[in-house]
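Structural overview
So you can see what is in the structure, the chains are spelled out below.
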Amino acid sequence: MSETYDFLFKFLVIGSAGTGKSCLLHQFIENKFKQDSNHTIGVEFGSRVINVGGKTVKLQIWDTAGQERFRSVTRSYYRGAAGALLVYDITSRETYNALTNWLTDARTLASPNIVIILCGNKKDLDADREVTFLEASRFAQENELMFLETSALTGENVEEGFLKCARTILNKIESGELDPERMGSGAGHTPSPRTQPLLLQLQVCLGVVISPSNLLRHLETSGSLFMKSVCNLHLQPLSFGSGLGVMERRL
Ligand SMILES: Nc1nc2c(ncn2[C@@H]2O[C@H](COP(=O)(O)OP(=O)(O)OP(=O)(O)O)[C@@H](O)[C@H]2O)c(=O)[nH]1
């Protein structure tokens, strides 16, 4: 049975290496702590359908590697993101000091309108804390970010972080501040849930942001009939948010 939802939001999890991004994603998707988490190579993907204010929202989440050597790869995943969890480790001032750079990347490479929640992770390690709640909440306020301290280990505030971000995006849509219909290229389509990861992978391979209709055009000119038929099978004639990763799918 195919999955149905009202909206599809593309999310990023960004921040320095070792801050707990993969563990946060794992906790959110699997509801448990990821033991023996290794450094992410490039990006990892997870998705979950949540209920926000009576609407079903599919979060399509890209967990990016924090290590500098993957930066050029991970940057290519920013485009079109509607929301982001910007993660630092409360026991590492170094990861906190790097926040400004991550923030600049998110706002320039994703969208100036991207909704970002700052997550001070490893809240359970309060005894080793190097960054106070107060200074981080001031930083968040100055930079128009939402803010939470989280623990991927205990699960504290993890669900809340993703939900808060999604709720804010949805509120902006409902108040008219964001219009998912207008965000598309005009001739766009909403891919089916099965096709979406494929399209995003292709975007990265091709090095361009492509709406499904552009993809079809590209495949037509490059003569890839197999891929074209795969896409044709799964595309639906609705908006594909190329400006902001917000897509609406009517049930
Ligand atoms: N105590 C505690 N440890 C955590 C928490 N979250 C993650 N860790 C540990 O922190 C380390 C790094 O976690 P990852 O999730 O792999 O970090 P990451 O940010 O994804 O790292 P990169 O993939 O290199 O960017 C691992 O040893 C985790 O077990 C947490 O909330 N509390």
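Residues numbered from 1 in each chain as written. Predicted model: local features only at pLDDT ≥ 70, side-chain atom pairs only at ≥ 80, totals over all residues. Heavy atoms only, no water.

**Section: the state of the cysteines**
In this structure the tally under the stated criterion is zero disulfides. Lacking any disulfide linkage, Cys23 is separated from the closest cysteine sulfur, that of Cys119, by 13 Å. Overall, Cys23 belongs to the buried group, its relative accessible area being 9%. Of all cysteine sulfurs, the one in Cys165 lies closest to Cys119, which takes part in no disulfide; the gap is 8.4 Å. (Disulfide = S-S within 2.5 Å. Buried < 20%, exposed > 50% of the residue type's maximum accessible area, 1.4 Å probe, protein only.)

**Focus on the site of the ligand**
Residues in contact with the ligand amount to 22 residues; listed here are only the nearest, Lys21, Ser37, His39, Thr40 and Gly66. Contacts to the ligand include Gly20, whose backbone N or O atom sits 3.0 Å from an oxygen atom. Here Ser37 contributes a side-chain N or O atom positioned 2.6 Å from an oxygen atom of the ligand. Mapping the ligand onto the cavity grids shows that it belongs to the largest pocket. Looking at the shell around the ligand element by element, the count peaks at three residues for helix H1 (residues 21-30). Here the residues of the shell around the ligand are counted per class, giving seven nonpolar, 12 polar and three charged. (Near = heavy atom within 4 Å. Polar contact = N/O pair within 3.5 Å; in protein donor to acceptor, adjacent residues only side chain to side chain. 1 Å grid on protein atoms, 1.4 Å probe; cavity = no way out; pocket = protein on both sides within 12 Å on 5 of 7 lines; lining within 4 Å. Sits in = over half its atoms within 2 Å of the grid points. Helix = DSSP H or I, 4+ residues; strand = E, 2+ residues; numbered from the N terminus. Nonpolar A, V, L, I, M, F, W, Y, C, P; charged D, E, K, R; others polar.)

**A word on the layout of surface pockets**
Of the voids in this model, the largest pocket is the one considered here, and its volume is about 330 Å³. Ranked by the residues each element gives to the lining of the largest pocket, the list is headed by H1, at three residues. Its residues assigned to classes, the lining of the largest pocket comprises seven nonpolar, 12 polar and three charged. (Points joined across faces, edges and corners; volume = space filled by probe spheres on them.)

**Some words on the pairing of strand S2 (residues 43-52)**
For S2 and strand S3 (residues 55-64), the ladder comprises 10 bridges, and the chain directions are antiparallel. Bridge assignment links Glu44 to a residue of S3, and that residue is Asp63. Connecting the antiparallel pair S2 and S3 is a turn made up of two residues, with Gly53 showing a positive phi of about 50°. (Pairing = 2+ DSSP bridges.)

**Structural notes on the pairing of strand S5 (residues 115-121)**
Two faces make up the sheet, and in a regular strand the side chains alternate between them. Burial within S5 is extensive, with seven of its seven residues counted as buried. The two faces of S5 match: Val115, Ile117, Cys119 and Asn121 on one face and Ile116, Leu118 and Gly120 on the other face are all buried. Inspection of the sheet shows strand S4 (residues 83-89) paired to S5 by seven bridges, in the parallel sense. For Leu85, the partnering residue across the bridge sits in S5 and is Ile117. Where S5 meets strand S6 (residues 146-149), four bridges bridge the pair, whose relative direction is parallel. Each residue of the ladder has a partner; that of Ile117, found in S6, is Met146. Tracing the backbone out of S5, into helix H5 (residues 133-142) and back to the parallel element S6 gives a crossover that is right-handed. (Right-handed = clockwise from strand over helix to strand, strands pointing away.)

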